[in-house]
Amino acid sequence: MTRFKTLLLAAALVAPVAAPVAAQAQTVAVANPEQAIGASRAWATARTQIETTYKAQLDQAEARRQAVGKELQPLVTAFNTARAAPNANQASLQQQATTIQTREQAAQAEIQRITLPAQRAQAYAIEQISAKLPDAVQAVVRARNVSMLVRPDAVLFAGPAADVTSAITTELDRLVPTVSVTPPANWQPGQQQGASAAAAPAAAPAARPAQPAGR
């Protein structure tokens, strides 16, 4: 689904790295939290349910997207032709560009409204999985005696054995095998994460609440 990557970037958490344990061998590992969530069985099942439940809306949005492309293509072609002409009228070009942009933005807003229920369902499912990401990371860190865990994009080189993303996915599958794709009527994205962060200092003062990862 087109918004899947965006939703993951908004919902995935940077899990706190466990303190080094007293042992001889300690390792540095890499993990991609968004990839770990995206590969989880809970998300695969939720995505299928969402695509089935909201098929009519998603098909309508795709049809509208294609229709808009066809509507705008002659305008874009005319704009490019006028721009390439000698002594092009800049005022006319600006007007054409504004017309194209206005129509495109209106269509995007319309498609956004059509797909909003599916987007909410996606966000709700991802948030439930993301809530278990810190626990999954901690389990892998402890099991593999990892002293430092970093994102792949922060590493110049790492061998395949250093990537523990799939191990985190395995833990997620154990911790959260399924999720609901029906958000409560008053649910808003980030609600569960905010509640967890507020409760964390009282429940476990030593653990810093995970924060949403943005790119």
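Residues numbered from 1 in each chain as written. Predicted model: local features only at pLDDT ≥ 70, side-chain atom pairs only at ≥ 80, totals over all residues. Heavy atoms only, no water.

1. Here we look at the nonpolar core
Then, number 1: One finds Ile129, Leu149, Val164, Ile168, Leu172 and Val179 to be the most contacted residues of the largest nonpolar core, which totals 28 residues.
Then, number 2: Breaking this core down by element, the ones donating at least two residues are helix H2 (33-38), helix H3 (41-53), helix H5 (90-130), helix H6 (133-143), strand E3 (146-150) and helix H7 (165-175).
Then, number 3: If we ignore the near neighbours within four places in the chain, the residues touching Val164 are Ala29, Val30, Ala31, Val140, Arg144 and Leu149. (Core = buried A, V, L, I, M, F, W, Y, C linked by side-chain atoms within 4.5 Å. Buried < 20%, exposed > 50% of the residue type's maximum accessible area, 1.4 Å probe, protein only. Helix = DSSP H or I, 4+ residues; strand = E, 2+ residues; numbered from the N terminus. Contact = heavy atoms within 4.5 Å.)

2. Some details on H7
Every α-helix carries 3.6 residues per turn, so stepping three or four residues along brings you back to the same face.
Then, number 1: Where H7 is concerned, the buried positions are Thr165, Ala167, Ile168, Thr169, Glu171, Leu172 and Asp173.
Then, number 2: Those residues of H7 that are buried lie in contact with strand E2 (27-30), H2, H3, H5 and H6.

3. Topic: H3
Then, number 1: With 13 residues, H3 ought to run about 18 Å at 1.5 Å a step, and its terminal C-alpha atoms sit 18 Å apart, in line with that.
Then, number 2: Within H3, the full set of buried residues consists of Ala42, Trp43, Ala46 and Ile50. Each buried residue of H3 lies within a common arc of 90 degrees when the element is viewed along its axis, so the set occupies one face. The exposed set on the far side of H3, more than 90 degrees from its buried face, consists of Arg41 and Thr52. (Expected span 1.5 Å × (residues − 1). Arc of directions from axis to C-beta.)

4. What about the side chain of Gln128?
Then, number 1: Assignment of secondary structure puts Gln128 in helix H5.
Then, number 2: A polar contact of 3.0 Å, which involves the side chain of Gln128, links it to the backbone oxygen of Tyr124.
Then, number 3: A distance of 2.7 Å separates the side chain of Gln128 from the backbone oxygen of Ser180, its partner in a polar contact. (Polar contact = N/O pair within 3.5 Å; in protein donor to acceptor, adjacent residues only side chain to side chain.)

5. Side note on unusual backbone geometry
Leave glycine aside and you will find that most residues have negative phi; peptide bonds, for their part, are mostly trans.
Then, number 1: For Asn87, which is not glycine, the phi dihedral falls at a positive 55 degrees.
Then, number 2: With respect to the helices and strands, Asn87 occurs in the loop between helix H4 (55-84) and H5.
Then, number 3: A relative accessible area of 81% means that Asn87 is categorised as exposed.
Then, number 4: Notably, Asn145 is not glycine yet its phi reads approximately 55 degrees, a positive angle.
Then, number 5: You can see Asn145 is positioned in the loop between H6 and E3.
Then, number 6: Its relative accessible area of 13% is what places Asn145 among the buried residues.

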